[in-house]
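Structural description and commentary
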Amino acid sequence: MPDRRIVVATHNAGKLREFAEILADADTRAISAGELGLAAPEETGQTLEENALIKARLAAQRSGLPAIADDSGLFVDALDGAPGVHSANWSETPKGRDHRKAMHRLWRMLERTGACEPWSARFRTVICLAHPNGDFEFFKGSVEGRIIWPMRGYGGFGYDPIFQPDGFDRTFAQMDNVEKNQISHRAVALGKFKAACLGN
């Protein structure tokens, strides 16, 4: 990446902000897919890896630049891993994404299981780096924790208000960006990407 530009293939403002903050010290200019006018592809994969590859590969092909994309999911043990790869889909409504609705759905499902606390869960992220020539590689990160109810905190995005990482007494949504970006699943995966691809 001689000109140190990379496309971040997301239209999610929260994700884009996290990517930009974590990559800020890497002397790399992150360009969003929206900035380049790239439409978001349909995520038809059945795994995080497949969806990340779909997004990164399309952005690289259309921009002529290296592109990174992630797919992330919340995996709840008492729900047999749901919502998992479908985490974003749970929030879809005719008017756009509503993560509060998704969190209430998750809570209702947990109640129906009769499972007792702690409700163990983990966030997982897979980042795909794709090149215009078709080459690609994956970088993975995860963070263990548990589901909290009711929701706590107003920061972050997605399912952050109901996820409390192990070793902490606050949810991701109760942390500031600096603290969350030191431990999050996305930070772990991006750290691996930076070490492998941006070290020099």
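Everything quoted here is computed from the prediction, not taken from an experiment.

Let's shift gears to the side chain of Asp160. Topologically, Asp160 is positioned in the loop between β8 (136-147) and β9 (163-165). Once residues within four sequence positions are removed from consideration, Asp160 is found in contact with Phe123, Gly155, Thr171, Phe172, Ala173 and Lys180.

Counting across every chain of the model gives 12 salt bridges. We note a salt bridge from Glu49 to Lys140, for which the minimum N-O separation is 3.1 Å. Highlighted residues: Glu49 in helix α2 (residues 48-63) and Lys140 in strand β8, separated in sequence by 91 residues.

Regular strands place their side chains on alternate faces of the sheet. Along strand β7 (residues 119-130), 10 of the 12 residues are buried, which leaves the element largely enclosed by surrounding structure. Across 10 bridges, strand β3 (residues 67-76) lies against β7 in antiparallel orientation. Opposite Ala67, over in β7, you have Ala130 as the bridge partner. Here β7 folds back onto β8, and the loop between the two strands holds 5 residues, one of which, Gly134, carries a positive phi near 100 degrees.

If you look at the biggest cluster of nonpolar residues, it comprises 21 residues, and the most contacted ones within it are Leu74, Val76, Leu106, Leu110, Ile147 and Tyr159. Among the elements that line this core, the one with the most residues is helix α3 (residues 99-113), at 5 residues. Excluding its chain neighbours within four sequence positions, the residues that come into contact with Ile147 are Leu74, Val76, Leu106, Leu110, Trp119, Ala121 and Ile162. Grouped together as the second largest cluster of nonpolar side chains are 19 residues, Ala33, Leu38, Ala69 and Phe75 included.

Our next topic: the packing of helix α1 (residues 13-22) against helix α5 (residues 185-197). If you want to describe how two helices pack, look at the angle between their axes and the distance between the axes. Across the interface, α1 lies against α5 with an axial gap of 10 Å and an inter-helix angle of 45 degrees. In terms of orientation, α1 lies oblique with respect to α5. As for how α1 packs across α5, the hand of that crossing is right-handed. Only Arg186, Ala187, Leu190 and Lys194 of α5 make contact with α1, whose side of the interface consists of Lys15, Glu18, Phe19 and Ile22. For the contact of α1 with α5, the class distribution of residues is 4 nonpolar, no polar and 4 charged.

The rules behind the values
- Residues numbered from 1 in each chain as written.
- Predicted model: local features only at pLDDT ≥ 70, side-chain atom pairs only at ≥ 80, totals over all residues.
- Heavy atoms only, no water.
- Helix = DSSP H or I, 4+ residues; strand = E, 2+ residues; numbered from the N terminus.
- Contact = heavy atoms within 4.5 Å.
- Salt bridge = Lys/Arg side-chain N within 4 Å of Asp/Glu carboxyl O.
- Buried < 20%, exposed > 50% of the residue type's maximum accessible area, 1.4 Å probe, protein only.
- Pairing = 2+ DSSP bridges.
- Core = buried A, V, L, I, M, F, W, Y, C linked by side-chain atoms within 4.5 Å.
- Axes fitted to C-alpha atoms, helices over the stretch in contact; angles between N-to-C directions.
- Parallel < 35°, antiparallel > 145°, perpendicular 65-115°, else oblique.
- Left-handed = near helix turned anticlockwise from the far one by under 90°.
- Nonpolar A, V, L, I, M, F, W, Y, C, P; charged D, E, K, R; others polar.

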